[in-house]
Amino acid sequence: MASLPSAPAPVFIGGPTASGKSAVAIALAAGLPGGGEIVNADAFQLYAGLRIVTARPSAEEEEQCPHHLYGWLDPRESCNAQRFRETALPVIGAISKRGAVPIVVGGSGLYLKALTHGLPDVPPADPVLREKLANLPLEERVAQLEKLDPKGAAAMDLQNDRYVSRALEISILAGRPGSELKAEWLDQQPSVDAFWLDWDRDDLCNRIAERSRAMLRGGALKEVADLADLSATAEKAIGIGEIRRHLGGETSLEQCVEELTIATRQYAKRQRTWFRRETCFQRIEVVPGQAAAEIAAQIVELLGRDSADATPEGLR
C-alpha cells in the first residue's frame, strides 16, 4: 500500500459547505514555513466541467498556490473513497518530498477519512462467491444478511441490490458481521493535524443562500446545460438536479434558488454532524467578517510544530 514520508506531515482542513475552507487553505499555504500546496478532498470538485456548481476555487484562486486534484476526473467516470485514496496518496507524498506542506481540503467526510484513518479492513471481492450471490433472489440475500449481520442489515437500504450483495459477501468472507469491521474502523481516533471550520447555524445558512444566488448569476445554469452524460457519482452533486428541473421548465428561477439553498443547507447539516463526531478534527469557530488570514494564523499557532511531525495512521 502506498505510504507517505513522515515530513512534512499533512494538514487537514474540513468543514461544511460555504464555510470558507478554500480561502483559509490558500492563506495557510502562504503562512506555513516552507509553504503549502493544496490537495482537494471534495468528492465533486474532482470533476471537470463543474467548477461553478461545486463551488470549486476560481482560476484566480488556484493561481495563488499549487492546487491538486481539482477538475481532473471526467464527469462520466465514477469515483469512490478507494479510488480517491489511491490517487491522492502519491500526490500528497510528492508534495511532502518537495519540502512543502500538503494541505488537504474538503467537506467529504469519507474521502477525508480514507486518508486520516485508511479504509476498513474488509476482504477483497471474491468473483466466484459474487457470481453465486448474484444468482440468488434479492429476498434470499436479504434473509441471509439479516441472519449473519442483523445490525448491519437494520441500518441498510435493503432494496439496494449492490449494497446487500457486498455486505453479505463481506460477512461471509470475514466470518463475522461486516458491521463490526466498519465499527472498528469508525471508532479509530488517529493523531492528526486536522481542523474544521464551524459557523453559527444562522450565519452559515445566510452564506449558503447568498452563494446559491451567486452561482446562478455566475453561470451555473449554462454550466449544467452544457453537461453531457454524468456518472452516478457526479449526478449526486448538489445543484445539478435542481438546475435541470428549472431548465426543463418544471420550476421558476426563484424556486430553483430556493431548492438549491435548501439542499445545500441539508448537506451542511450532515457535514457538521460528521465533523462533531470526529474528535481528531479540532474545531475552529468562525464569525462573519473574519478574514481568512486570521483563521489561518490561528491554525498555524495551534499546529505548534515543525514539518517533521508524524504521519497520520491512514497515510502510512
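Time to look at the pattern of salt bridges. For the structure on display, the rule yields 18 salt bridges. Its salt-bridge partner being Glu180, residue Arg176 comes within 3.3 Å of it at the nearest N-O pair. Look at the salt bridges and you will find they share partners, linking Arg51, Arg56 and Glu62 into a network.

Turning our attention to the environment of Arg51. Relative to the assigned elements, Arg51 resides in the loop between β2 (36–40) and α2 (59–62). For Arg51, a relative accessible area of 26% translates into the label partly exposed. In the structure, Arg51 is positioned 172 residues away from Glu223 in sequence and 8.4 Å away in space, judged by C-alpha atoms. Sequence-distant contacts of Arg51, that is, excluding residues within four places in its chain, are made with Arg56, Pro57, Ser58, Ala59, Glu62 and Glu223. One polar contact links Arg51 to Glu62, side chain to side chain, over a distance of 3.3 Å.

Two packed helices can be described by the angle between their axes and the distance between those axes. Their axes nearest at 9 Å, the elements helix α12 (residues 240–247) and helix α13 (residues 253–277) cross at an angle of 170°. Taken together, the axis directions place α12 and α13 in an arrangement best described as roughly antiparallel. Residues Glu242, Ile243, Arg245 and His246 of α12 form the contact with α13, whose own contacting residues are Leu253, Cys256, Glu259, Leu260 and Ala263. The residue makeup of the contact of α12 with α13, split by class, is five nonpolar, one polar and three charged.

For the rest of this paragraph, the subject is the side chain of His68. Counting through the fold element by element, His68 comes out in strand β3 (residues 67–68). A polar contact is formed between the side chain of His68 and the side chain of Glu37, at a distance of 2.7 Å.

The calculated volume of the second largest pocket comes to roughly 830 Å³. Lining the second largest pocket are 45 residues, with Thr17, Ala18, Gln45, Ala55 and Arg211 sitting closest to its centre. Those elements that provide at least two residues to the lining of the second largest pocket are α1 (21–31), α10 (201–217), α13 and α14 (292–303). Ranked by the residues each element gives to the lining of the second largest pocket, the list is headed by α10, at six residues. Residues of the lining of the second largest pocket, tallied by class, amount to 22 nonpolar, 15 polar and eight charged.

Let us now look at helix α6 (residues 138–148). Listing the buried residues of α6 in full gives Leu138, Arg141, Val142 and Leu145. Summarising the axial view, the buried residues of α6 lie within an arc of 100°, below the 170-degree limit, and thus occupy one face. Summarising the geometry of α6, the exposed residues directed more than 90 degrees from the buried face are Glu139 and Lys147. Buried residues along α6 sit in contact with α5 (127–134), α7 (150–154) and α8 (161–174).

Here we come to the sheet that holds β2. Strands sit in the order β3-β2-β4-β1-β5-β6 across an open sheet of six strands; the sheet is parallel. This sheet does not close on itself; its edge strands, each paired only once, are β3 and β6 (281–286). Taken together, the three bridges between strand β1 (residues 11–14) and strand β5 (residues 194–199) define a ladder with parallel strand orientation. Looking at the pairing, Phe12 lines up with Ala194 of β5. α14 contacts β1, β5 and β6 of the sheet and is inclined by roughly 150° relative to β6.

Moving on, we get to the packing of aromatic side chains. Each aromatic ring pair is summarised here by two numbers: the centre-to-centre distance and the angle between the ring planes. Per the stated rule, a full pass over the model turns up five aromatic pairs. With a centroid separation of 5.8 Å and 10° between ring planes, the pair formed by Trp196 and Phe275 is classed as stacked. Of this pair, Trp196 sits in strand β5 while Phe275 is found in helix α13, placing the two residues 79 residues apart along the sequence. Note on Phe275: relative accessible area 1%, which makes it buried. Seen from their ring centres, Trp274 and Phe281 are 5.9 Å apart, and the 70° between their planes marks the pair as edge-to-face. For Trp274, a relative accessible area of 14% puts it in the buried group.

Cut-offs used in this document
- Residues numbered from 1 in each chain as written.
- Predicted model: local features only at pLDDT ≥ 70, side-chain atom pairs only at ≥ 80, totals over all residues.
- Heavy atoms only, no water.
- Salt bridge = Lys/Arg side-chain N within 4 Å of Asp/Glu carboxyl O.
- Helix = DSSP H or I, 4+ residues; strand = E, 2+ residues; numbered from the N terminus.
- Buried < 20%, exposed > 50% of the residue type's maximum accessible area, 1.4 Å probe, protein only.
- Contact = heavy atoms within 4.5 Å.
- Polar contact = N/O pair within 3.5 Å; in protein donor to acceptor, adjacent residues only side chain to side chain.
- Axes fitted to C-alpha atoms, helices over the stretch in contact; angles between N-to-C directions.
- Parallel < 35°, antiparallel > 145°, perpendicular 65-115°, else oblique.
- Nonpolar A, V, L, I, M, F, W, Y, C, P; charged D, E, K, R; others polar.
- 1 Å grid on protein atoms, 1.4 Å probe; cavity = no way out; pocket = protein on both sides within 12 Å on 5 of 7 lines; lining within 4 Å.
- Points joined across faces, edges and corners; volume = space filled by probe spheres on them.
- Arc of directions from axis to C-beta.
- Pairing = 2+ DSSP bridges.
- Phe/Tyr/Trp six-rings, centres within 6.5 Å; stacked < 30°, edge-to-face > 60°.

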